[in-house]
Amino acid sequence: MVFEIWKLRMVIPRIFNLDATKWFLPRNNIRNIDWAGIDYSYTIMNPLTLHHSSVIPQVYQVLGREHEAPMRLQRWYRLRDSVGSPTDPPHQKARLVKEYYIERLEGEVFDNEREAIELYYELEAKAKEMPDDLKIGLEHLNSRGIECAVISEVSSIKGTLNLIRFLKYKGIAEYFAEVITPAGRFSTSGDLLDEHPFKGSNKKTGEIYDRLVSYLKGKALIPSRCAVIGDDPEQDIRQAKLRGFKTIQYCGIVDRGRSESADYVIYSWSQLKEVIA
């Protein structure tokens, strides 16, 4: 009966076009959390607000070479469409480019021209948006003395620095102690703190969580007192749950379907107040 009620609260809002956030039914909230690892894309950052059809022409308008924009834009589309599977939606393919193919992006779209690349990253960071109530959730975590870190699948140093650029532009870098990616562990000012513990790891196999458990152990933290927040049912939720972390699935930007490994499912960052005491 409990399982059926849980399924109903996920389905009813869609059937009747209701606000899903009002159907959120928290179970017993989580207590005694010391640390939270938060996913980046589709959790902190909404990539659906970024339109390359606008950003790339802006780059070449600023450079005074507007005539190049159509050709560069076509290069972007060719690169985007060359990754992932044929059934992946465009926004998912764009995500793959940013996480795994930064070098191809810089070379194939911009011919490795540093001025154009830096301008692109700057305009991109400004174009991306974050959830409207993200700061409410982050402030709640900080007010509870919970240390927060960004845990991302971005695989390169360049990609990680672009992530940090976004945090700074949006005024949320102060809420995080560090940023952890397969490129290493970084401060929110962009300094590489430690490369080796996380280098080459990933969320797909869960290896980044294995290494995270070891890293947190050195800080006298155990997974059962740590939470992972993210959108992806497999990479953010199931793999983290297998390592003993508390899991909170965020479906406020893209709803990929509830993971059975999620301890909680939220549709807005404000709901963290109901989940984490």
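Residues numbered from 1 in each chain as written. Predicted model: local features only at pLDDT ≥ 70, side-chain atom pairs only at ≥ 80, totals over all residues. Heavy atoms only, no water.

Our next topic: the pattern of salt bridges. Scanning all chains against the criterion turns up 29 salt bridges. In this structure, Lys128 and Glu124 form a salt bridge, with 3.5 Å as the shortest nitrogen-oxygen distance. Each member of the pair, Lys128 together with Glu124, is buried. Connected via shared salt-bridge partners are Arg65, Glu68, Arg72, Arg75, Asp111 and Glu113. (Salt bridge = Lys/Arg side-chain N within 4 Å of Asp/Glu carboxyl O. Buried < 20%, exposed > 50% of the residue type's maximum accessible area, 1.4 Å probe, protein only.)

Another aspect to go through is helix α3 (residues 69-81). Spanning 13 residues, α3 covers 18 Å between terminal C-alpha atoms, matching the ideal 18 Å at 1.5 Å per step. All of the buried residues in α3 are Ala69, Arg72, Leu73, Trp76, Leu79 and Arg80. Buried residues of α3, viewed axially, fall in a sector of 120°; they line one side. Turned more than 90 degrees off the buried face of α3, the exposed positions are Pro70 and Arg78. Close packing links the buried residues of α3 with α2 (52-62), α4 (90-100) and α5 (102-109). (Helix = DSSP H or I, 4+ residues; strand = E, 2+ residues; numbered from the N terminus. Expected span 1.5 Å × (residues − 1). Arc of directions from axis to C-beta. Contact = heavy atoms within 4.5 Å.)

Burial analysis of α4 places eight of its 11 residues in the buried class, the great majority of the element. All of the buried residues along α4 are Gln92, Lys93, Ala94, Arg95, Leu96, Val97, Lys98 and Glu99. Summarising the contacts, the buried residues of α4 are in contact with α2, α3, α5 and α6 (114-127).

Taking strand neighbours across the sheet as the criterion, the eight strands line up as β5-β4-β3-β2-β1-β6-β7-β8 in an open arrangement whose pairing is mixed. Only two strands of the sheet have a single neighbouring strand rather than two, namely β5 (192-194) and β8 (264-266). Here the strands of the sheet are splayed against their neighbours by 25° on average, with no regard to which way each runs. Packing of helix α7 (residues 134-143) onto the sheet brings it into contact with β1 (35-38), β2 (147-151) and β6 (226-230), and relative to β1 it is tilted by some 155°. In the packing of helix α9 (residues 207-217) onto the sheet, contacts are made with β1, β2, β3 (178-181), β4 (184-186) and β6, and the angle to β3 comes to roughly 140°. (Pairing = 2+ DSSP bridges. Axes fitted to C-alpha atoms, helices over the stretch in contact; angles between N-to-C directions.)

We now examine the side chain of Arg72. Within the fold, Arg72 resides in helix α3. Of the residues examined, Arg72 reaches a relative accessible area of 6% and is grouped as buried.

Okay, the layout of surface pockets next. Taken as a whole, the largest pocket encloses approximately 410 Å³ of empty space. Lining the largest pocket are 26 residues, with Pro47, Leu50, His52, Ala94 and Lys98 positioned closest to its centre. Counted by class, the lining of the largest pocket contains 12 nonpolar, eight polar and six charged residues. (1 Å grid on protein atoms, 1.4 Å probe; cavity = no way out; pocket = protein on both sides within 12 Å on 5 of 7 lines; lining within 4 Å. Points joined across faces, edges and corners; volume = space filled by probe spheres on them. Nonpolar A, V, L, I, M, F, W, Y, C, P; charged D, E, K, R; others polar.)

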